[in-house]
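Examination of the molecular architecture
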Amino acid sequence: FQIYYPLIPWLGVMLLGFVAGRRFVAQGSVRFGWIALAWAAVYLVSRLTNLGAATHDPLLMSKYPPDVPWLAASLAVIFFVLWILPKVKLTSPVAEFIAVYGRVPIFFYLIHFALLELTHPAVKGDLLSAVGIWAMVLFLMFMPCRWYFRYRESHPHSWVRYL
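Reference entry: report on the structure contained in this document.

Calculation notes
- Per chain, residues are indexed from 1 in the order of the written sequence.
- Restriction of local features to residues with pLDDT of at least 70 applies here, the model being predicted, together with a cutoff of 80 or more for giving and counting side-chain atom pairs; totals for whole chains, interfaces and linings are based on all residues.
- Remark: hydrogens and water are excluded; side-chain values derive from all non-hydrogen atoms of the structure.
- Accessible area is worked out with a 1.4 Å probe on protein chains only. A residue is then buried under 20% of its type maximum, exposed over 50%, and partly exposed in between.
- Helix and strand assignments follow DSSP, with helices taken as H or I runs no shorter than four residues and strands as E runs no shorter than two, numbered in order from the N terminus.
- Throughout, a residue-residue contact means that at least one pair of heavy atoms, one from each residue, lies within 4.5 Å.
- Axis angles are defined between N-to-C directions and span 0 to 180 degrees, where every axis is a line fitted to C-alpha atoms and, for a helix, only to the segment in contact.
- Gly is placed with the polar residues, together with every amino acid not listed as nonpolar (Ala, Val, Leu, Ile, Met, Phe, Trp, Tyr, Cys and Pro) or charged (Asp, Glu, Lys and Arg).
- A pair of Phe, Tyr and Trp rings is counted when the ring centres sit within 6.5 Å of each other, with Trp represented by its six-membered ring. The angle between the planes then sorts it: under 30 degrees is stacked, over 60 is edge-to-face, the rest tilted.
- In this scheme, the term charge over a ring applies when either NZ of a lysine or CZ of an arginine sits within 6 Å of the ring centre and within 35 degrees of the ring normal.

Looking only at helix H4 (residues 93-102), the buried set comprises Ala95, Val100 and Tyr101. Among the structural elements, helix H5 (105-119), helix H6 (127-140) and helix H7 (142-154) are those in contact with the buried residues of H4.

As structure tokens, then:
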């Protein structure tokens, strides 16, 4: 029995996300700009010193298993986006379309991977068919994601709030 998924680093990232999400809801994104800068500094130090890097090539980073430069760069971008997003008014139909998926990320993640697995035989090995199938699945997921968000909002104390 082998496990190829690096649980420990990802549990840490998930816990950080949970804490940051709670803080974001309670206090807003006041300090997230500084946190983004701190993660950017960690990235630069890890790249310059090769500390925590999976490879010695400064242009390569490893997501699986995650190395320090990859995590630091990813978290810097995420915290920057969380800091800047409340300052920008996104009220376009495109922003609303994207927000539907962002409101139910785990639900979307699980269902869209199941749909992609079902449609896998239709991909002919070229990028165009793969992107076409992905776009079709994305559009098919819009209504279920919107329905699930409304359902979850109408049942705030249910276990479904975690999905």
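The structure having been displayed, the exposition proceeds.
Look at H6 against H7: their axes get within 4 Å of each other, and the N-to-C directions meet at 30 degrees. Within the contact between the two elements, H6 uses Leu138, Phe139 and Leu140 and H7 uses Phe142, Met143 and Pro144. For the contact of H6 with H7, the residue count by class is six nonpolar, no polar and no charged.

As a further point, take the packing of aromatic side chains. Applying the stated rule across the entire model yields twelve aromatic pairs. Aromatic pair Phe24 and Phe32: ring centres 5.9 Å apart, planes at 10 degrees, arrangement stacked. In textbook terms, an aromatic cluster arises when at least three aromatic residues are bridged by ring pairs, as seen for Phe97, Tyr101, Phe108, Phe139 and Phe142. Seen from the ring of Phe149, Arg103 lies directly overhead, with NZ or CZ sitting 5.2 Å from the centre.

By secondary structure assignment, the location of Ala36 is in helix H2 (residues 32-49). Remark: the alpha-carbon pair of Ala36 and Phe108, spanning 72 residues in sequence, is separated by 27 Å. Discounting residues that sit within four places of it in the chain, Ala36 has contacts with Ala76, Phe79 and Phe80.

Turning our eyes to something else, we now look at unusual backbone geometry. One non-glycine residue with positive phi stands out, namely Asn50, at about 65 degrees. Residue classification places Asn50 among the partly exposed positions, given a relative accessible area of 21%.

Attention shifts here to the environment of Arg150. Residue position: Arg150 is located in helix H7. Residues Arg150 and Arg103 lie 47 residues apart in sequence; the distance between their C-alpha atoms is 10.0 Å.

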